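Spelled out, the chains give:
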Amino acid sequence: MTTQQGLDLTLTPRARADVAEPSASDEFYTPRAIIDALTCVIDLDPFSPPHRPVPARTHCVWAEGADGFDAVWRGVIWGNPPYSRGNLPAFCSKARGEVARGDASIVIGLIPAKPGSGYWHDHVLGHATIGYVRGRIAFHDRHGQPFRDAKGNVQAGKFDSAFVLWSLDSGLVERVVSDLDARSGLSIYWQRENKGAV
């Protein structure tokens, strides 16, 4: 509470009927148009829900006892990890490490764009190609439908998003960049840093 000359300037947030309540879960799925934009075969989705919306050769499903962080990531990896506390730093560290060891040929991450965070400085900047998405992505529910507010309008995400591509294969990076630019329907600004650095 702040007071100035006897005035109470306490701000009280008001509930708005036109805004959906934030979800307590990590169930925000990548729109299918983004996945369909990729022409490379996805070898692993390490954070797959039981209904497996990403057409990957292998899925790690937490509900079935598989932990994507414990798995060895080989080949082309798609990662829209859970955004809950602690998972984003772990994901970025794992992605960078799997590529550096030569296990993963590329990790394609879709994560919140948070360039001020410690994990971003430790594992993204200077270590990956970053694609900042203009506007906010309307993530989908478990049925493949975009989230909607109380009025039925499509709800954009609550944060800015970025594609982060960790890879030592510049040709594969360029293929993914080209696919997402040409076929995802998104406007993406690409920042390429230290080619070949992981």
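Details of the structure are given in the entry above.
This section reports on the structure supplied with the text. Note that the coordinates shown come from a computational prediction; the quantities given were computed from them, not determined experimentally. (Residues numbered from 1 in each chain as written. Predicted model: local features only at pLDDT ≥ 70, side-chain atom pairs only at ≥ 80, totals over all residues. Heavy atoms only, no water.)

1. Looking at the overall build of the chain
Of regular secondary structure, the chain possesses 4 helices and 9 strands. Taken across its 198 residues, the chain has 42% of its residues classed as buried. By sequence separation, contacts in the chain at least 24 residues apart represent 67% of the contacts at least 6 residues apart. When the accessible surface of the chain is split by element, carbon and sulfur atoms take 50% of a total near 10,700 Å². (Helix = DSSP H or I, 4+ residues; strand = E, 2+ residues; numbered from the N terminus. Buried < 20%, exposed > 50% of the residue type's maximum accessible area, 1.4 Å probe, protein only. Contact = heavy atoms within 4.5 Å. Areas by Shrake-Rupley, 256 points an atom, 1.4 Å probe, with all protein chains shown as cover.)

2. Here's the deal with the environment of Arg 32
Along the chain, Arg 32 falls in helix α1 (residues 32-37). Overall, Arg 32 belongs to the partly exposed group, its relative accessible area being 42%. Considering only alpha carbons, one finds Arg 32 and Gln 145, 113 residues apart in sequence, at a separation of 9.5 Å. Other than its neighbours up to four places away in sequence, Arg 32 contacts Pro 53, Pro 55 and His 140.

3. Observations regarding the nonpolar core
Trp 78, Ile 108, Phe 163 and Leu 180 are the most contacted members of the largest nonpolar core, which totals 25 residues. At the level of secondary structure, the elements contributing two or more residues to this core comprise α1, β5 (75-79), β6 (104-112), β8 (161-167), α4 (170-183) and β9 (188-191). For this core, the leading source of residues is α4, giving 5 residues. With residues near it in sequence (within four places) discarded, Ile 108 still touches Leu 38, Cys 40, Val 76, Ile 77, Trp 78, Gly 79, Val 164, Leu 165 and Val 176. Of all hydrophobic cores here, the second largest spans 23 residues; its members include Phe 47, Cys 60, Ala 104 and Ala 113. (Core = buried A, V, L, I, M, F, W, Y, C linked by side-chain atoms within 4.5 Å.)

4. Considerations on α4
Between its first and last C-alpha, α4 extends 20 Å over 14 residues, near the 20 Å set by a 1.5 Å rise per residue. Turning to α4, its buried residues are Leu 172, Val 173, Val 176, Val 177, Asp 179 and Leu 180. Take α4 and look down its axis: the buried residues cluster within an arc of 160°, on one side only. Residues of α4 that are buried in the fold lie against α1, β5, β6, β7 (129-133), β8 and β9. Of the residues that open α4, the one with a side-chain oxygen 3.0 Å from the backbone nitrogen of Gly 171 is Asp 169. At the C-terminal side of α4, Gly 185 shows a positive phi close to 80°. (Expected span 1.5 Å × (residues − 1). Arc of directions from axis to C-beta. Polar contact = N/O pair within 3.5 Å; in protein donor to acceptor, adjacent residues only side chain to side chain.)

5. Here we look at the pattern of salt bridges
Per the stated rule, a full pass over the model turns up 9 salt bridges. Taking the shortest distance from any N to any O, the salt bridge between Arg 52 and Glu 64 comes out at 2.7 Å. A residue pair is termed long-range when its members are at least 10 positions apart, and Arg 52 in the loop between β3 (42-48) and β4 (56-61) and Glu 64 in the loop between β4 and β5 qualify at 12 residues. Across the pair Asp 160 and Arg 136 runs a salt bridge, and its minimum N-O distance is 3.1 Å. Separated by 24 residues along the polypeptide, Asp 160 in the loop between β7 and β8 and Arg 136 in the loop between β7 and β8 bring together distant segments of the chain. Salt bridges sharing common partners tie together Arg 74, Lys 94, Glu 98, Arg 101 and Asp 103. (Salt bridge = Lys/Arg side-chain N within 4 Å of Asp/Glu carboxyl O.)

Any link to function would need more than the numbers given here.
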